[in-house]
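Fold and contact review
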Amino acid sequence: MRIARFSVSDDVGYGLIDTDEENGQEYVSRISGHPLMGQIQLTGERAKAEDVRLLSPVLPSKVVCIGKNYADHVAEMSEITGEGTEEPVVFLKPSTAVTGPGDPVFHPPISQRVDFEGELAVVISRPCREVPRERAKEVVFGYTVANDVTARDLQKSDKQWTRAKGFDSFCPIGPWIETGLTVEEASDLRVTTTVDGEVRQDGRTSQLIHDIPAVIAYASSFMTLLPGDVLLTGTPAGVGPVEVGSEMTVAVERVGELTNRVITRD
């Protein structure tokens, strides 16, 4: 299933995304309640996807991010972030950084270089701690697409990543949560990022240094993960700067596409 969070006027709800086989039109079928808090029930309300606004599919308590998780990306960023490490590199993005598909990404005036970083993201299904890797699939609700937007110059000057990664709008996620993939299937998906139609990143999750079960086990070894928390698995090589006006599209095979444009804040 593809579960979306959407709004119509001032009304916000959750729905299932489906495609009409005859005309190829996408629809949103509203569901009652919260998909992470109980069984999904259809209300009978249905609308064309083009007539609603898709929002970030979850509002996580935290976004847990894995850095240096593709060897080629480690190599391209070694001058700024150093060499690879034996254990996963973990950092957090605040919940206020989360934004949705089609929403703007604000270029902070304090930064001279803002980069895109396309990633597969995991959505956690239930409270969990100290999850063994062999049981990681039990805490996965589904998968979505993320862009770990980064003020690269601030990352370099600060020597740590909180400010560079934490600006409002620096964590677009969406367009929905795909619940129909196993952990094994999610472990070999193509991840691409295009900027203004030009492919900049092209990798596969099979290239992850620390795979999905490993990063769930590691992150949960020292913090409790809550329902709706989002775990970013890392970005392939090819990251680079965007300018005001640039349109970024991150696509993950079998999950979806996430597009956001960079603007200045009024």
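The present account deals with the structure reproduced in this document. (Residues numbered from 1 in each chain as written. Predicted model: local features only at pLDDT ≥ 70, side-chain atom pairs only at ≥ 80, totals over all residues. Heavy atoms only, no water.)

1. Here we look at the overall build of the protein chain
Our working definition: Every helix listed is a DSSP run of H or I at least four residues long, and every strand listed is a run of E at least two residues long, numbered separately from the N terminus. Radius of gyration: over C-alpha atoms. The globule rule applied is 2.2 Å multiplied by the number of residues raised to the 0.38 power. In this scheme, a residue with accessible area under 20% of its type's maximum is buried, one over 50% is exposed, and one in between is partly exposed, where area comes from a 1.4 Å probe on protein chains only. In this description, contact between two residues means that some pair of their heavy atoms is separated by no more than 4.5 Å. Counted charges follow a simple rule, with Lys and Arg positive, Asp and Glu negative, and His plus the chain ends left uncounted. Each charge is placed at NZ for Lys, CZ for Arg, CG for Asp and CD for Glu.
The number of helices and strands found in the protein chain is 6 helices and 20 strands. Since a compact globule built from 266 residues should have a radius of gyration of about 18 Å, the 18 Å found for the protein chain is in line with a globular shape. Each principal axis of the C-alpha atoms in the protein chain carries an extent, and together these give about 55 × 45 × 30 Å. A buried classification covers 55% of the 266 residues belonging to the protein chain. A separation threshold of at least 6 residues defines the contact pool for the protein chain, and within that pool the share at least 24 residues apart is 71%. Positive and negative side-chain charges in the protein chain, numbering 26 and 41 respectively, have mean positions lying 4 Å apart.

2. Brief notes about the packing of aromatic side chains
Filter applied, for reference: Each pair of aromatic rings taken from Phe, Tyr and Trp, with Trp reduced to its six-membered ring, is defined by centres within 6.5 Å and is described as stacked if the planes are under 30 degrees apart, edge-to-face if over 60, and tilted in the remaining cases. For a ring to carry a charge above it, either NZ of a lysine or CZ of an arginine must fall within 6 Å of the ring centroid while also lying within 35 degrees of the normal to the ring plane.
Scanning all chains against the criterion turns up 3 aromatic pairs. Look at phenylalanine 167 and phenylalanine 170: their rings are 5.2 Å apart centre to centre, the planes differ by 55 degrees, and that puts the pair in the tilted class. On the accessibility criterion, phenylalanine 170 (0% relative accessible area) is buried. Note on tyrosine 218 and phenylalanine 222: the rings are 5.7 Å apart at their centroids and 75 degrees apart in plane angle, and the pair reads as edge-to-face. A cation sits over an aromatic face here: arginine 46 above tyrosine 27, 3.9 Å from the ring centre. Above the plane of the ring of phenylalanine 106 lies arginine 265, whose end atom (NZ or CZ) is 4.0 Å from the centre.

3. Some details on the nonpolar core
Heads up, the condition is: Side-chain atoms within 4.5 Å link the members of a nonpolar core, which is a set of buried Ala, Val, Leu, Ile, Met, Phe, Trp, Tyr and Cys residues.
The biggest cluster of nonpolar side chains holds 30 residues, and the ones touching the most others in it are Leu120, Val122, Tyr143, Ile212, Ile216 and Val255. Those elements that place two or more of their residues in this core are strand S6 (63–67), strand S11 (118–124), strand S12 (140–147), helix H5 (183–186), helix H6 (212–220) and strand S19 (247–252). Tallying contributions element by element places H6 first for this core, with 4 residues. Discounting chain neighbours no more than four positions away, the residues touching isoleucine 212 are Leu120, Val122, Tyr143, Val183, Ala186, Ser187 and Thr233. Core analysis: the second largest hydrophobic core is formed by 22 residues, Ile3, Leu16, Val89 and Ala146 among them.

4. Some details on the side chain of lysine 62
Rules: For this analysis, a polar contact is any N or O atom pair within 3.5 Å, provided that within protein one partner can donate a hydrogen and the other can accept it, and provided that sequence-adjacent residues contribute only side-chain to side-chain pairs.
Position of lysine 62 relative to the elements: it lies in the loop between strand S5 (53–55) and S6. For lysine 62, a relative accessible area of 14% corresponds to the buried category. Within the structure, the side chain of lysine 62 is placed 2.7 Å from the side chain of aspartate 229, a separation counted as a polar contact. Once residues lying within four places of it in the same chain are set aside, the contact partners of lysine 62 are Lys93, Met223, Thr224, Leu225, Leu226, Asp229 and Val230.

5. Observations regarding the sheet that holds strand S16 (residues 198–204)
Definition in use: DSSP-based pairing: two strands are paired if at least 2 bridges between them are found.
Taking strand neighbours across the sheet as the criterion, the 5 strands line up as S9-S20-S19-S15-S16 in an open arrangement whose pairing is mixed. Looking at which strands have only one partner, the edges of the open sheet turn out to be strand S9 (105–106) and S16. For S19 and strand S20 (residues 256–263), the ladder comprises 6 bridges, and the chain directions are antiparallel. Looking at the pairing, threonine 249 lines up with threonine 259 of S20.

6. What about the sheet that holds strand S10 (residues 114–116)?
If you trace the 3 strands from one edge of the open sheet to the other, you get S13-S10-S18, paired in antiparallel fashion. Of all strands in the sheet, those with a lone pairing partner are strand S13 (150–151) and strand S18 (240–242), marking the two edges. Relative to S18, S10 is paired through 3 bridges, and the arrangement is antiparallel. For phenylalanine 116, the partnering residue across the bridge sits in S18 and is glycine 240.

7. Quick word on the side chain of asparagine 260
Examined against the element boundaries, asparagine 260 turns out to sit in strand S20. Within the local environment of asparagine 260, its side chain forms a polar contact with the backbone oxygen of glycine 100, the two atoms lying 2.9 Å apart. Of note is the side chain of asparagine 260, whose polar atom sits 2.8 Å from the backbone oxygen of aspartate 103. The residues touching asparagine 260, leaving out its near neighbours within four places in the chain, are Thr99, Gly100, Pro101, Gly102, Asp103, Val105, Pro172, Ser246, Glu247 and Met248.

8. Structural notes on unusual backbone geometry
Following glycine 174, the chain continues to proline 175 via a peptide bond in cis, the omega torsion being 0 degrees. If you trace the backbone, proline 175 turns up in strand S14 (residues 171–178). Its identity is not glycine, yet lysine 68 carries a phi of approximately 50 degrees, on the positive side. Assignment of secondary structure puts lysine 68 in the loop between S6 and helix H1 (71–76). Positive phi is not limited to glycine here, since aspartate 196 has a value of about 50 degrees. Inspection of the secondary structure assignment puts aspartate 196 in the loop between strand S15 (190–195) and S16. A relative accessible area of 52% means that aspartate 196 is categorised as exposed.

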